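Given next are the chains, with one letter for each unit.
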There are 2 protein chains.
Amino acid sequence: MTTVAPRKLAHAPHPYFRVDAAELTIGGVAVSTLAERVGQTPFYAYDRAAIGKRIAELRQALPPEISLHYAIKANPMPAVVAHIAPLVDGLDLASAGELAVALDIGANPAHISFAGPGKTDSELHRAAAAGICVNVESEREIRVLAAYSRARGIRPRVAIRVNPDFELKTSGMKMGGGPKQFGIDAERVPQVLRDLAGLPLDFVGFHIYGGSQNLRADAIAEAEHKALELAIALSADAPAPVQLLNIGGGFGIPYFPGEQPLDLKAVGDSLQPLVARAKQALPQAEVVIELGRYIVGECGVYVCRVIDRKVSRGHVFLVTDGGLHHHLAASGNFGQVVRKNYPVLVASAVDRAVTEQASVVGPLCTPLDLLGDRMELPRAQEGDLIAVLQSGAYGLTASPQGFLSHPAAHEILV
Amino acid sequence: MTTVAPRKLAHAPHPYFRVDAAELTIGGVAVSTLAERVGQTPFYAYDRAAIGKRIAELRQALPPEISLHYAIKANPMPAVVAHIAPLVDGLDLASAGELAVALDIGANPAHISFAGPGKTDSELHRAAAAGICVNVESEREIRVLAAYSRARGIRPRVAIRVNPDFELKTSGMKMGGGPKQFGIDAERVPQVLRDLAGLPLDFVGFHIYGGSQNLRADAIAEAEHKALELAIALSADAPAPVQLLNIGGGFGIPYFPGEQPLDLKAVGDSLQPLVARAKQALPQAEVVIELGRYIVGECGVYVCRVIDRKVSRGHVFLVTDGGLHHHLAASGNFGQVVRKNYPVLVASAVDRAVTEQASVVGPLCTPLDLLGDRMELPRAQEGDLIAVLQSGAYGLTASPQGFLSHPAAHEILV
């Protein structure tokens, strides 16, 4: 067994998946065997042991005082959520649909939070009825929850989601700083907190989130420290001690050539003084790091099959049964300004020598349907399996599955 | 009643939808009444009469000898396809899923074609069993169909999809010219045609397609004439007379500020000499223009509701219950390099004066979830309905509906 290094040297080596008898294995099972077990391609396979390892690495690196939450939005497959829930300290939701998943797998409502800028009245009522914490993002949400509390005699637990006056530097997605739809502007929070005192709501703390998909430990550390200091400052006006402080996450994974994995030890080390400062200034606060992509992103793979090998004007196209309708992000059409290749392998023949440049495309009638653009690959034939790595997060659910009415992809946890 | 002009002057006026009692109407019904009839927001509404008008305009402009096909991929809602099918001369498919829709609504297989670069063996068998025409895109597809014909005694009808040596100028999506996964390279087609003569397949013609979403009549005319000339040249090696010639479509609609509608009369005029030339050189050929977006794109609207009005650091955000999970293209994340605003209206108050700059966002935890970026709009309140125009094509099915597990959007044909 050897560690899988994606063929294009500039992609970071994969930390978990291994090659056995020249085939990529997921959860110890050869990808061709998985394809038979699923009964079709394409499919997503998530590796149970890899997820466990990733969480263990996080526990090892982060101070023990830090709570670790899983953000379901990254991968809401119920089996995945059920596997992760007992390994972490809580779950974070982005919709009432995710609430249903969390409750069905038996997660404890005391350790569930719900954030999102556009919660409907119905979603707010469902969250309150379930007894989870609502990260309120506007004064309207506070009004709706207070009215519910008066009508039903159930006191909702609320944290204030703050739109900070800083943002996570070099983050893939900026979520704070400047005018934003997320949270309540930091400068308005003191008044909101004073108003809360007169409302039938249980204030529990703050949610402050600077961005996502960051590969720089120093930038993450800086954002976390700023989040803590902002929470400490805001706590002066809070109607009760801060019991919960979600300082976000934003830990990135390497997708593209040239990207290096996040230095997790450096992130963990930077949290030691943060924990000390929090203990002193907010002694009752549970400090939460919320991670989605970082927990599952590297633990999943998208597998499709070559159905045609075409050479057009000297250029090799591997036409597969999978494409952007299952994996929009890998096609470069989900928030990317410049399209770059995800790590793509000929999974059924990982050890075959690299002999040609080929593009991996899908079956759709659009040039956007491109999974790998002019990659150095072994010569693949009809029937070979193609794997797109780094596909455990924001894969299937982030894709236009109805586009051109092609068959659905399956999902398995191995 | 007055014609709706989207508030931002630079968007082209809308050709079909009208305002009555200050509300946008679809199919003559006020949008607020439609929302009650659907029972929820968000929803897509498609206007039956508008689709009929658009097809009538096409019939008026195009020479009577031109056949008009509908490309189901643009909008595969069965009610829409059933409405369009009797108004056009045939249907074009991009998958076996679309084949099922076409057969279920009772379309005649004699006037159905199936194109797509990655047809599976199963899809090819299904197409042959249904008796539709397969636009073969590779030598493998020819092999698979010939084997099916020998095994089953059913002779499939095939057209050759040609990857031309030209492309549609200034097209949004380039589908020909250079190395491509679409079709068989023009220079290899003569040999493929000679080989066809010995196979148990019925050759019926060619499919030559240069690109899509083009707003320039001269560019479309040029591509159509080139397609015809290429077909005439290739026909020299054909095993039978050309009966079917699909010269593509690519007619665009104006989405963004500054874009002008296609000059349909100019396109129609340019087809007169083409029809004459085809009659002389390919006397048995039915010449087909295949349109999807142009038929339905302007006849549909996406409607969502303002659930929160937030002012963050001086910037107004209308947070709606709809977003990129239902309408990826309007968020600027589907193949667009630079994000631009679709025409967006406060549909429940179209005549309210424009008084502010606001951004229309969705409920998702991502800054990508943006339907309108700093648009000049009337002051909208919680409960107001927002309409995104130009949403009849590549809307719901081209969107990641499972993203963050929010409720599904409905679709209605009015």
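Residues numbered from 1 in each chain as written. Chains lettered and ligands numbered in written order. Predicted model: local features only at pLDDT ≥ 70, side-chain atom pairs only at ≥ 80, totals over all residues. Heavy atoms only, no water.

### With respect to the pattern of salt bridges
In plain terms, the rule: We define a salt bridge as a side-chain nitrogen of Lys or Arg found within 4 Å of a carboxyl oxygen belonging to Asp or Glu. Note on exposure labels: buried denotes an accessible area under 20% of the residue type's maximum, exposed denotes more than 50%, and partly exposed covers the range between, all computed with a 1.4 Å probe on protein chains only. Under the DSSP-based scheme used, a helix requires at least four consecutive residues in state H or I and a strand at least two consecutive residues in state E, with every element numbered from the N terminus.
Within the structure shown, the criterion is met by 40 salt bridges over all chains. The residue Arg216 of chain A makes a salt bridge to Asp218 of chain A at a minimum N-O spacing of 3.0 Å. Residue classification places Asp218 of chain A among the partly exposed residues on the basis of a relative accessible area of 49%. Of the charged contacts, one joins Glu382 of chain A and Arg143 of chain B as a salt bridge, the two residues approaching to 3.5 Å between their closest N and O atoms. Within this pair, whereas Glu382 of chain A is found in the loop between strand 21 (370-378) and strand 22 (385-388), its partner Arg143 of chain B is found in helix 6 (residues 139-152), the two belonging to separate chains.

### Observations concerning the nonpolar core
The criterion, for reference: For this analysis, a nonpolar core means a set of buried residues of the types Ala, Val, Leu, Ile, Met, Phe, Trp, Tyr and Cys, connected via side-chain atoms within 4.5 Å. By definition in these notes, contact holds between two residues if any of their heavy atoms fall within 4.5 Å.
Counting residues in hydrophobic clusters, the biggest one holds 282 residues, and the most contacted among them are Tyr70, Ile160, Phe206 and Phe251 of chain A together with Tyr70, Ile160 and Phe206 of chain B. Setting aside residues no more than four positions away along its own chain, Ile160 of chain A makes contact with Val136, Ile142, Ile184, Val189, Val192, Leu193, Leu196, Phe203, Gly205, Phe206 and His207 of chain A.

### Things to note about the interface of chain B and chain A
Let me state the cut-off plainly: A quick way to say it: buried area is the sum, across both parts, of accessible area lost when two parts are put together, with a 1.4 Å probe. N or O atoms closer than or at 3.5 Å make up a polar contact, with two conditions inside protein: a donor-capable atom paired with an acceptor-capable one, and, for residues adjacent in sequence, both atoms drawn from side chains. Ten residues, namely Ala, Val, Leu, Ile, Met, Phe, Trp, Tyr, Cys and Pro, are considered nonpolar, four, namely Asp, Glu, Lys and Arg, are considered charged, and the remaining ones, Gly among them, are considered polar.
On the side of chain A, 71 residues touch chain B, which itself brings 71 residues to the contact. Each partner contributes to the roughly 5,300 Å² buried at the junction of chain B and chain A, and carbon and sulfur atoms together form 58% of this total. The largest contributions to the chain B side of the interface with chain A come from Gln181, Arg313 and Cys365 of chain B, which together make up 15% of the buried area. At the boundary of chain B with chain A, the tally comes to six salt bridges. For Asp308 of chain B, the salt bridge identified is with Arg140 of chain A, shortest N-O distance 3.5 Å. Between chain B and chain A we count 40 residue pairs in polar contact (both at pLDDT 80 or more) in total. Considering each element in turn, the side of chain B that touches chain A owes the most residues, five residues, to strand 17 (residues 300-312) of chain B. Of the residues belonging to the side of chain B that touches chain A, the class tally is 28 nonpolar, 23 polar and 20 charged.

### Things to note about unusual backbone geometry
The residue after Thr41 of chain A, namely Pro42 of chain A, is reached through a cis peptide bond having omega 0 degrees. Counting through the fold element by element, Pro42 of chain A comes out in the loop between helix 1 (31-38) and strand 5 (43-46). Phi angles above zero are rare outside glycine, and Ser405 of chain A is one such case at about 55 degrees. One can find Ser405 of chain A in the loop between strand 22 and strand 23 (410-413). Phi angles above zero are rare outside glycine, and Tyr394 of chain B is one such case at about 50 degrees. Tracing the backbone through its elements, the reader meets Tyr394 of chain B in the loop between strand 22 (385-388) and strand 23 (410-413).

### Quick look at the side chain of Asp384 of chain A
Residue and element names in this part refer to chain A. Mapped onto the elements of the fold, Asp384 is located in the loop between strand 21 and strand 22. Looking at Asp384, its side chain comes within polar contact range of the main-chain nitrogen of Gln381, at 2.8 Å. Each residue touching Asp384, except ones within four places of it in the same chain, is listed here: Cys304, Arg305, Val306, Val346, Ser348, Arg352 and Arg379.

### Some thoughts on the domain arrangement of chain A
Residue and element names in this part refer to chain A. Keep this limit in mind: Where a domain begins and ends is set by an automatic assignment or by a domain database.
We note that the domain assignment places domain 1 (2-47 + 298-413) and domain 2 (76-291) within chain A. Look at where the C-alpha atoms of domain 1 and domain 2 centre, and you get two points 34 Å apart. For the domain 1 and domain 2 pair, buried surface summed over both sides reaches about 1,300 Å², with 71% attributable to carbon and sulfur atoms. At the junction of domain 1 and domain 2, the tally comes to zero salt bridges. Joining domain 1 to domain 2, the criterion identifies three residue pairs in polar contact (both at pLDDT 80 or more). Considering every element that reaches the side of domain 1 that touches domain 2, the biggest residue donor is strand 23, with three residues. Looking at the side of domain 1 that touches domain 2 residue by residue, the class counts come to seven nonpolar, five polar and three charged.

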